[in-house]
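Spelled out from the first residue to the last, the chains are:
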Amino acid sequence: MTTEPAPERRVATAARLLAAATGDRLRRGFPLARLTSFRLGGPAALYLEAETDGDLAAASAAVAESGVPWTVIGKGSNLLVSDRGFPGLVLRLGKGFRWAGRDGVRLLAGGAMPLPALAGVGLTHSLAGLEFGVAIPASLGGAVRMNAGAHDHSVSEVLESIEVYSIPGGSRSMVRASDAGFAYRRSSLPDGSVVIGAVAKLRPGHPDAIRAEMEAARSWRRATQPLAEPNCGSVFKNPLGDHAARLVEAAGGKAMSVGAGSAGRRRSVRGPPGDGGAACRRFRPGIHLAGGRSGRSRSRSPSPPGEGGGRCCR
Ligand SMILES: Cc1cc2nc3c(=O)[nH]c(=O)nc-3n(C[C@H](O)[C@H](O)[C@H](O)COP(=O)(O)OP(=O)(O)OC[C@H]3O[C@@H](n4cnc5c(N)ncnc54)[C@H](O)[C@@H]3O)c2cc1C
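Below: a short report on this structure.

Definitions and limits used
- Residues numbered from 1 in each chain as written.
- Predicted model: local features only at pLDDT ≥ 70, side-chain atom pairs only at ≥ 80, totals over all residues.
- Heavy atoms only, no water.
- Helix = DSSP H or I, 4+ residues; strand = E, 2+ residues; numbered from the N terminus.
- Buried < 20%, exposed > 50% of the residue type's maximum accessible area, 1.4 Å probe, protein only.
- Contact = heavy atoms within 4.5 Å.
- Areas by Shrake-Rupley, 256 points an atom, 1.4 Å probe, with all protein chains shown as cover.
- Near = heavy atom within 4 Å.
- Polar contact = N/O pair within 3.5 Å; in protein donor to acceptor, adjacent residues only side chain to side chain.
- Nonpolar A, V, L, I, M, F, W, Y, C, P; charged D, E, K, R; others polar.
- Domains from an automatic or database assignment.
- Core = buried A, V, L, I, M, F, W, Y, C linked by side-chain atoms within 4.5 Å.
- Pairing = 2+ DSSP bridges.
- Axes fitted to C-alpha atoms, helices over the stretch in contact; angles between N-to-C directions.
- Phe/Tyr/Trp six-rings, centres within 6.5 Å; stacked < 30°, edge-to-face > 60°.
- Lys NZ or Arg CZ within 6 Å of the ring centre and 35° of its normal.

## Section: the overall build of the protein chain
Stage number 1. For the protein chain, the helix and strand inventory stands at 7 helices and 15 strands.
Stage number 2. Relative to its 314 residues, the protein chain shows a buried fraction of 50%.
Stage number 3. Sequence-distant contacts, at least 24 apart, represent 65% of the contacts inside the protein chain between residues at least 6 apart.
Stage number 4. Total accessible area computed for the protein chain in this model is approximately 14,500 Å², and 51% of it derives from carbon and sulfur atoms.

## Quick word on the site of the ligand
Stage number 1. The local shell around the ligand holds 33 residues, among which Val-72, Gly-74, Ser-77, Ser-139 and Gly-149 are the closest.
Stage number 2. Here an oxygen atom of the ligand and a side-chain polar atom of Arg-185 are 3.2 Å apart.
Stage number 3. Taking 980 Å² as the accessible area of the ligand by itself, protein coverage stands at 95%.
Stage number 4. Within the residue set of the shell around the ligand, elements represented by two or more residues are strand 3 (70-73), helix 4 (140-146), strand 8 (149-150) and strand 12 (193-201).
Stage number 5. The dominant element in the shell around the ligand, judged by the number of residues it contributes, is helix 4, at 5 residues.
Stage number 6. When grouped by side-chain class, the residues that make up the shell around the ligand number 14 nonpolar, 14 polar and 5 charged.
Stage number 7. Residue assignment places the shell around the ligand across two domains, with domain 1 (7-95) and domain 2 (98-208) each supplying three or more.

## Considerations on the nonpolar core
Stage number 1. Of all hydrophobic cores here, the largest spans 37 residues; its most connected members are Leu-115, Leu-130, Leu-140, Val-144, Ile-162 and Leu-189.
Stage number 2. Elements with a minimum of two residues in this core: strand 6 (106-110), helix 3 (115-124), strand 7 (127-128), helix 4, strand 10 (159-166), strand 12 and helix 5 (207-224).
Stage number 3. Here this core takes 5 residues from helix 3, the largest share from any one element.
Stage number 4. Setting aside residues up to four positions removed in sequence, Leu-115 forms contacts with Leu-130, Gly-133, Ile-136, Ala-138, Ser-139, Leu-140, Ala-143 and Val-155.
Stage number 5. Within the second largest apolar cluster, 23 residues are counted, among which are Leu-48, Ala-58, Phe-97 and Tyr-165.

## Observations regarding the sheet that holds strand 3
Stage number 1. Reading across the sheet, the 4 strands line up as 1-2-4-3 and stay open at both edges, with mixed pairing between neighbours. Strands at the two margins of the open sheet, each flanked by one partner only, are strand 1 (27-31) and strand 3. The average angle at which neighbouring strand axes cross in this sheet is 45 degrees, direction not considered.
Stage number 2. In this sheet, strand 4 (residues 86-93) lies alongside strand 2 (residues 43-50) in parallel orientation, the contact comprising 6 bridges. Pairing of Leu-48 across the sheet is with Leu-91, part of strand 4.
Stage number 3. Strands in contact with helix 2 (residues 53-66) are strand 2, strand 3 and strand 4; relative to strand 4, the strand with the most contacts, it is inclined by about 160 degrees.

## A closer look at helix 3
Stage number 1. Taken residue by residue, helix 3 has Leu-115, Leu-118, Ala-119, Val-121, Gly-122 and Leu-123 as its buried positions.
Stage number 2. With its phi angle positive at about 55 degrees, Ser-126 sits one or two positions after the end of helix 3.

## Brief notes about the packing of aromatic side chains
Stage number 1. Under the definition given, this model contains 1 aromatic pair.
Stage number 2. An angle of 5 degrees between the planes, with centres 4.2 Å apart, marks the rings of Phe-30 and Tyr-47 as stacked. Separated by 17 residues along the polypeptide, Phe-30 in strand 1 and Tyr-47 in strand 2 bring together distant segments of the chain.
Stage number 3. A relative accessible area of 9% places Phe-30 in the buried class.
Stage number 4. A cation over an aromatic ring shows up here: Arg-34 above the ring of Phe-30, its NZ or CZ 5.6 Å from the ring centre.

Here's what the structure looks like:
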């Protein structure tokens, strides 16, 4: 009879292998709250900021050999981390994957490139098509994974190809955007895919028009979201033909607060004030209650992160 190694054994094995490859860059018991826009949740058993393919290869080998659970995060703007933290390896792409370049009407960029910065690179080269992304606080990797979008546009419209690193396969490959299974705020990349880069095909535009569209997107954001407070933007997906914010408001959900969280006077769900330390378990009920109330007032109910909208690190 074969028995599965205990979770602690897997973490210990992965830690040993990864520390041999990455030294003290491997962190243990690393607090995740500060890496999320909600500022909530517990620590990662292991945390590595990957700077090179070599780091990803080391992570891949450690996962393959130890069987430790793993996940990848970007800018943490769609993550609700459990109070228990994450009992395995959390990867995040570091500066080595934060780059962008231009080839004609195409922008090529690394997975850690912030989406707003990439939109800015488009403006620099008078390339239009990414203006909608100027105020979405995503990394390119997270934006691809979630098919981020706003103002009736989404990244899948401009993406041509996506470069992924497979864990535990340990190899790079290109996925055509048409094969990435994009739908509203989701993609269906193969399991274990870390988005390490992507190619977006834009179109020539006039800088004044691009700049004006970006400013309109920023103004809308300032008017609709409490940017100075911990939040995750629009926590609910819009149901077909309607707006989640309207449903929550109609159900009286915007005035509610439960535990540490509230639906917010504007359109987003707000986290508690402060920087970490607050409990996810006191916050989730607010999301569920706001969604549930609007679901009762309408037959379609919005979905909170962890249930289609994003990822909850349990
Ligand atoms: C104030 C605010 C406003 C927002 N406005 C919008 C909006 O207008 N439109 C919109 O679509 N979203 C919006 N969001 C949500 C969020 O910005 C998007 O979902 C974004 O795509 C998440 O990107 P991220 O880098 O923060 O990913 P994270 O939140 O870190 O992760 C989200 C998911 O992507 C996965 N992931 C992250 N990086 C990678 C990678 N390199 N490879 C593979 N998978 C990866 C994670 O495992 C997780 O499943 C908003 C959030 C906030 C806080």
